[in-house]
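Next come the chains, spelled out residue by residue.
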Amino acid sequence: MISIVVVSHSRALADAAVALAGEMVDSDTRPLIKVAAGVDETTFGTDAAAVAAAITDVDSADGILLLLDLGSAVLSTELALEFLDPAVAAHVTITSAPMVEGLVAAVVTASTGADMATVVNEARQGLTAKQRHLGDESSASSSDKVDVTLDADTRGVDLSVRNNHGLHARPAAKLVALARSFDAQVQLTNPVTGRGPVDARSLSLVATLDARQGDVLRAQASGREADAALAALLRLADEDFGDAPPPAATGARRTSAGDGAGLDVALGPARLVSTDVDLTDYQPGEPDAELIRSETALIRVRESLVAVRRRTHAESGSDEAAIFDAHLALLDDAEVADPVAAAIGSGTSAPNAWSDELGGLAGEFEALADSYQRARAQDVRSVQRRLLLALTGREDDVFEHRPGEPVVIVVPEVDAATAAVIDPAEVAGIVTIGGGVMGHGVIVAKSRGLAIYTDAGAIGAAVRDGDLIAFDAAARRFVVNPGPDETEEFEALIVERRRQRDEALGAAAEPAVTHDGTSIHVLANVASVEEARAAVARGADGSGLVRTEVLFGGWRAAPTADEQLEGFLALSEALGGRPMTVRTWDVGGDKPLAFLPLAVEANPFLGRRGLRAFRGRPELLVEQLKAVCRLATKCPTRVMFPMVTTRAEVDWALERLHEASAVVGGALPDSLEVGVMVEVPAAALRVADLARGLDFVSIGTNDLTQYTVAAERGNAAVSELADAFDPAVLRLVRTVCEEVSDSTTVAVCGDLASDVEGAALLLGLGVRELSVVGPAVALVKQRVRRLDLVEAAQVATDAVAASSADAVRTLVRTAFAEQN
């Protein structure tokens with residue numbers, strides 16, 4: 001097997017590149033690799049003597065391939081050859097291939113036992129996939145293409161790409177290694193992108209297929225072992241090309257005031273954390289040195305984000321983990337990286353180049369009208385901060401260990417990467433000065449059970465380091481330097497909420513029956529198998545909301561009915577066969593779908609959302625409903641249509657459902673229940689007509705609130721108005737409960753149902769089914785068991801007549817206090 005030497009100005013860059021390439025192949029097939037980089041561990045430069053020593057260490061009769069970064073690395077390598085024994089020097093091949101991409105291709109190809117010419121050819125094509133993906137076809141030489149000729153006796157199979165990130169480097173490397181292990185000619189085509197055919201034995205060319213999740217590759221083969229090769233490739237595809245996600249964590253988790261599965265309360269000394277990175281001591285180098293520093297920082301940040309993504313997937317599920325896909329994509333975005341490289345090449349320091357480019361991009365996001373898109377500025381600033389920390393060699397002071405009791409972090413805004421790795425043993429809670437409630441950092445923090453108080457504003461900005469902070473996020477109560485009595489009150493609240501949580505978890509499997517004997521179904525809102533399993537562990541009676549636009553949100557091409565059915569059945573298995581409610585595609589507003597691009601609208605929340613978006617693409621909805629009809633023959637299933645306003649829309653949706661059913665087997669399955677979501681005031685006010693003939697309606701209190709009070713739910717400037725406890729919202733909920741027929745169940749799947757007192761209030765209004773976030777299931781069920789519906793109905797009557805949301809909260813806390 002050939003061996004490899006990496007010559008670089010930076011030890012850190014070379015080590016990181018070797019580590020990345022080593023991930024692509026199994027350790028027992030990995031070629032011998034040696035690094036000759038840097039004058040020492042920290043000083044940039046190259047040393048001819050070190051290069052000669054590295055070559056001697058890995059000498060191989062099969063050949064030694066040298067990959068270089070730039071400039072003096074070439075001169076040092078040529079000088080090193082003069083030091084060597086001529087017999088050793090004769091084994092050396094120097095390539096102009098790109099160091100990182102070429103090294104990955106070379107390692108994968110060499111691991112299969114390929115000869116030097118083949119390995120060099122692969123390394124030289126290392127940039128081909130990137131160039132073609134970015135449309136730089138002029139840079140991708142046609143002479144680089146590896147042709148494969150199939151004979152007349154050609155067979156073919158289809159390979160489904162189900163991996164979250166498509167056929168990226170690691171699974172592609174496994175495919176290439178497998179294809180090379182057979183005496184067969186194998187070529188691949190991606191009909192979705194129109195790319196191919198390419199030689200399946202070439203990692204660089206396989207990468208040009210740009211295979212994403214949901215794509216189906218066409219593999220064709222000829223030769224003595226063609227059938228065996230295709231069968232092996234099918235097995236590899238069935239195993240997701242050896243790229244299965246890490247299993248969800250199943251062990252017990254630590255708990256504290258900050259990690260209490262929904263305690264929402266914190267008490268501790270403030271630690272002020274700045275999101276700025278001090279660049280005062282940064283010493284810029286020459287452009288070549290700054291480019292190397294930039295590339296090294298990119299590699300380090302990419303590695304850390306991949307690690308954070310894996311941890312988040314294990315702790316919180318796939319939805320939260322997917323947040324970091326956007327961070328990783330930003331690192332690889334040529335629209336960002338190319339201007340940065342150009343600026344550095346012109347003499348700008350790496351920190352300033354990145355700050356200028358990413359700061360400008362964050363500003364563009366902040367200027368957008370949609371609050372969800374504005375919140376993406378946080379993601380950009382998060383990546384910028386991590387790059388600056390890597391460039392300056394600093395650690396994030398959020399993670400600086402300080403002895404003493406757990407602290408309350410006070411920060412301008414919390415980014416997702418920070419929220420994902422905060423140690424709850426050292427952090428009692430988080431306070432953000434701004435940033436809104438829809439930022440990814442807030443989402444991740446809540447998914448981990450961290451207590452977080454958002455948008456503290458001027459009060460939070462006035463906090464000094466070391467001040468004692470106490471807050472109850474559920475009650476929106478925030479106190480700086482509380483007196484002895486208030487401190488004791490918060491301490492007692494933490495103890496009580498922890499007791500309630502532990503008691504609720506202990507009784508999670510028991511049914512939720514009110515004190516006066518009414519059974520209430522408490523289900524979970526889910527979008528992944530991990531969430532479904534976690535919800536069942538907390539006692540969920542099933543799922544009252546399957547977010548299909550999240551479950552298949554990473555798919556670039558619309559999933560087929562078969563593919564959707566496979567996903568639904570996996571959820572059903574995770575739910576233990578319990579009932580599940582499939583919400584049809586809820587696209588638009590803050591929920592994009594790659595396979596259904598929508599025109600830009602002045603106000604997307606008042607435009608083509610939910611069911612409306614499919615009036616022009618009914619075939620996508622019918623395909624999904626075909627999967628739902630088939631699912632209903634295998635497990636208890638309900639389907640509901642989102643963003644419905646008129647009876648005509650309901651009738652149109654039912655026609656599509658019958659159309660789908662006719663395709664898969666005739667009449668609708670008897671077990672399939674059908675409903676709609678009530679999310680706009682018009683739907684609530686005409687619900688008797690809207691719900692005629694339906695089995696249930698599910699109230700989405702998040703949207704119902706924002707449309708009722710005319711306050712966008714993600715806009716921090718009007719967040720006080722967007723409160724689901726507003727009496728006007730509650731009046732609409734009561735109207736729905738009073739006006740539907742007795743045979744139509746009224747459910748709620750919005751955030752109000754996940755608030756234990758909000759759930760009690762909803763039951764008093766007449767709701768009989770609650771679908772909540774997974775961590776709240778056990779607590780809500782326990783609250784239901786202590787509820788007297790007659791008393792709850794009286795509290796609900798008083799709440800509808802109250803003057804404000806704050807008045808409702810005070811009323812609920814006082815009236816229900818004795819039942820807790």
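Notes on the structure follow. These figures come from a predicted structure and were not determined experimentally. (Residues numbered from 1 in each chain as written. Predicted model: local features only at pLDDT ≥ 70, side-chain atom pairs only at ≥ 80, totals over all residues. Heavy atoms only, no water.)

**Here we look at the overall build of the chain**
Phase 1 of the analysis: A count of helices and strands for the chain gives 33 helices and 22 strands.
Phase 2 of the analysis: Looking at the chain as a whole, 53% of its 820 residues qualify as buried.
Phase 3 of the analysis: Expressed as a percentage of contacts within the chain between residues at least 6 apart in sequence, the contacts between residues at least 24 apart total 71%.
Phase 4 of the analysis: With the model as given, the accessible surface of the chain reaches about 32,900 Å², and the carbon-plus-sulfur share is 51%. (Helix = DSSP H or I, 4+ residues; strand = E, 2+ residues; numbered from the N terminus. Buried < 20%, exposed > 50% of the residue type's maximum accessible area, 1.4 Å probe, protein only. Contact = heavy atoms within 4.5 Å. Areas by Shrake-Rupley, 256 points an atom, 1.4 Å probe, with all protein chains shown as cover.)

**Digging into the pairing of strand 20 (residues 696-699)**
Phase 1 of the analysis: The alternating pattern of strand 20 places F696 and S698 on one face and V697 and I699 on the opposite face, and all of these are buried.
Phase 2 of the analysis: Direction of pairing for strand 19 (residues 673-678) relative to strand 20: parallel, over a ladder of four bridges. What sits directly across from G675, in strand 20, is F696.
Phase 3 of the analysis: As paired elements, strand 20 and strand 21 (residues 745-748) share four bridges and run parallel to each other. For V697, the partnering residue across the bridge sits in strand 21 and is V746. (Pairing = 2+ DSSP bridges.)

**Considerations on the sheet that holds strand 8 (residues 216-222)**
Strands pair in a sheet through their backbones, by hydrogen bonds, and they do so in one of two ways: parallel or antiparallel.
Phase 1 of the analysis: Read across the sheet, four strands follow the order 5-8-6-7 without closing on themselves; strand pairing throughout is antiparallel. Among the strands making up the open sheet, the edge pair consists of strand 5 (155-160) and strand 7 (195-199). Each strand of the sheet is rotated relative to its neighbour by a mean of 20°, with strand direction disregarded.
Phase 2 of the analysis: Note: strand 6 (residues 185-190) against strand 8, five bridges, orientation antiparallel. Residue L188 lies in a different strand from strand 8, and its bridge partner there is A219. (Axes fitted to C-alpha atoms, helices over the stretch in contact; angles between N-to-C directions.)

**Thoughts on the pattern of salt bridges**
Working definition: two side chains of opposite charge can pair if their charged atoms are close together.
Phase 1 of the analysis: In the structure shown here, the tally under the stated rule is 30 salt bridges.
Phase 2 of the analysis: For E496, the salt bridge identified is with R499, shortest N-O distance 2.4 Å. A residue pair is termed a helical-turn pair when its members lie 3 or 4 positions apart in one helix, as E496 and R499 do in helix 20 (residues 484-506) at three residues.
Phase 3 of the analysis: With a relative accessible area of 28%, E496 lands in the partly exposed category.
Phase 4 of the analysis: Residue classification places R499 among the partly exposed residues on the basis of a relative accessible area of 34%. (Salt bridge = Lys/Arg side-chain N within 4 Å of Asp/Glu carboxyl O.)

**Focus on the packing of helix 23 (residues 561-574) against helix 24 (residues 618-632)**
Phase 1 of the analysis: Where helix 23 contacts helix 24, the axes come no closer than 8 Å and their chain directions differ by 45°. Classified by the angle between their axes, helix 23 and helix 24 sit oblique to one another. Regarding helix 23 and helix 24, the two cross each other, and that crossing is right-handed. Where helix 23 approaches helix 24, its residues A561, D562, Q564, L565, F568 and L569 are matched on the opposing element by E623, Q624, K626, A627, V628, R630 and L631.
Phase 2 of the analysis: Taken together, the residues of the contact of helix 23 with helix 24 break down into seven nonpolar, two polar and four charged. (Parallel < 35°, antiparallel > 145°, perpendicular 65-115°, else oblique. Left-handed = near helix turned anticlockwise from the far one by under 90°. Nonpolar A, V, L, I, M, F, W, Y, C, P; charged D, E, K, R; others polar.)

**Observations regarding the packing of aromatic side chains**
Phase 1 of the analysis: Per the stated rule, a full pass over the model turns up four aromatic pairs.
Phase 2 of the analysis: Taken together, a centroid distance of 5.1 Å and an interplanar angle of 40° make the contact between Y453 and F478 tilted. Pair noted here: Y453 is in strand 12 (residues 452-453) and F478 is in strand 14 (residues 477-480), with a separation of 25 residues, a long-range link.
Phase 3 of the analysis: According to the relative accessible area criterion, Y453 is buried, its value standing at 7%.
Phase 4 of the analysis: Overall, the relative accessible area of 15% leaves F478 in the buried class.
Phase 5 of the analysis: Arranged with centres 5.9 Å apart and planes meeting at 80°, the rings of F552 and F568 form a pair that is edge-to-face. Taken together, the residues span a long stretch of sequence, with F552 in the loop between helix 22 (548-551) and helix 23 and F568 in helix 23 at a distance of 16 residues. (Phe/Tyr/Trp six-rings, centres within 6.5 Å; stacked < 30°, edge-to-face > 60°.)

**So, helix 6 (residues 116-124)**
Since the α-helix advances by 3.6 residues per turn, residues separated by three or four positions end up pointing in the same direction.
Phase 1 of the analysis: Considered for burial, the residues of helix 6 that qualify are M116, V119, V120, E122 and A123. Taken around the axis of helix 6, the buried residues stretch over an arc of 160°, which confines them to a single face. (Arc of directions from axis to C-beta.)

**Digging into the environment of A362**
Phase 1 of the analysis: The residue A362 is located in helix 14 (residues 350-366) in this model.
Phase 2 of the analysis: Taking C-alpha positions, A362 is 9.6 Å from Q384, a pair spaced 22 residues apart along the chain.
Phase 3 of the analysis: Setting aside chain neighbours within four positions, we find A362 in contact with A377, V380 and R381.

**Some words on the environment of M580**
Phase 1 of the analysis: In this structure, M580 sits in strand 17 (residues 580-583).
Phase 2 of the analysis: Among the residues examined, M580 registers a relative accessible area of 1% and is labelled buried.
Phase 3 of the analysis: Taking the C-alpha atoms as reference points, M580 and L523, separated by 57 residues in sequence, lie 8.7 Å from one another.
Phase 4 of the analysis: Ignoring sequence-local partners within four residues, the contact set of M580 consists of S543, V546, F568, L571, S572, L575, L631, C635, P636, T637 and R638.

**Things to note about the sheet that holds strand 2 (residues 33-37)**
Phase 1 of the analysis: In space, the four strands of this open sheet follow the order 2-1-3-4, with parallel pairing throughout. Of all strands in the sheet, those bounded by a partner on one side alone are strand 2 and strand 4 (92-95). Adjacent strand axes in the sheet meet at a mean angle of 20°, parallel and antiparallel pairs treated alike.
Phase 2 of the analysis: Bridge count for strand 1 (residues 3-8) against strand 3 (residues 64-68) is five bridges, and the pairing is parallel. Bridged to V5 within strand 3 is L66.
Phase 3 of the analysis: In the packing of helix 3 (residues 72-83) onto the sheet, the strands contacted are strand 1, strand 3 and strand 4, and the crossing angle to strand 3 comes to about 150°.

**Observations regarding unusual backbone geometry**
Phase 1 of the analysis: One non-glycine residue with positive phi stands out, namely D455, at about 55°.
Phase 2 of the analysis: Inspection of the secondary structure puts D455 in the loop between strand 12 and helix 19 (457-461).
Phase 3 of the analysis: Positioned with a positive phi, N481 is a non-glycine residue whose angle comes to about 50°.
Phase 4 of the analysis: Position of N481 among the secondary structure elements: in the loop between strand 14 and helix 20.

**Points about the pairing of strand 15 (residues 521-526)**
Phase 1 of the analysis: For strand 15, the tally of buried residues reaches five of six residues, placing the bulk of the element in the interior.
Phase 2 of the analysis: Where strand 15 and strand 22 (residues 769-772) come together, four bridges link them in parallel fashion. Along strand 22, the bridge assignment pairs H521 with E769.
Phase 3 of the analysis: Relative to strand 16 (residues 543-547), strand 15 runs parallel, the two being bridged by three bridges. Paired with A524 across the two strands is S543, which belongs to strand 16.
Phase 4 of the analysis: The parallel pair strand 15 and strand 16 is bridged by helix 21 (residues 529-537), and the resulting crossover is right-handed. (Right-handed = clockwise from strand over helix to strand, strands pointing away.)

**Quick word on helix 30 (residues 756-765)**
Phase 1 of the analysis: In terms of burial, helix 30 is a largely internal element, nine of the 10 residues being buried.
Phase 2 of the analysis: For helix 30, the complete set of buried residues consists of E757, G758, A759, A760, L761, L762, L763, G764 and L765.
Phase 3 of the analysis: Residues of helix 30 that are buried in the fold lie against helix 29 (727-739), strand 21, strand 22, helix 31 (777-785), helix 32 (789-800) and helix 33 (805-816).
Phase 4 of the analysis: Between the side-chain oxygen of the N-cap and the backbone nitrogen of E757 there are 2.9 Å, and the N-cap of helix 30 in question is D755. (Polar contact = N/O pair within 3.5 Å; in protein donor to acceptor, adjacent residues only side chain to side chain.)

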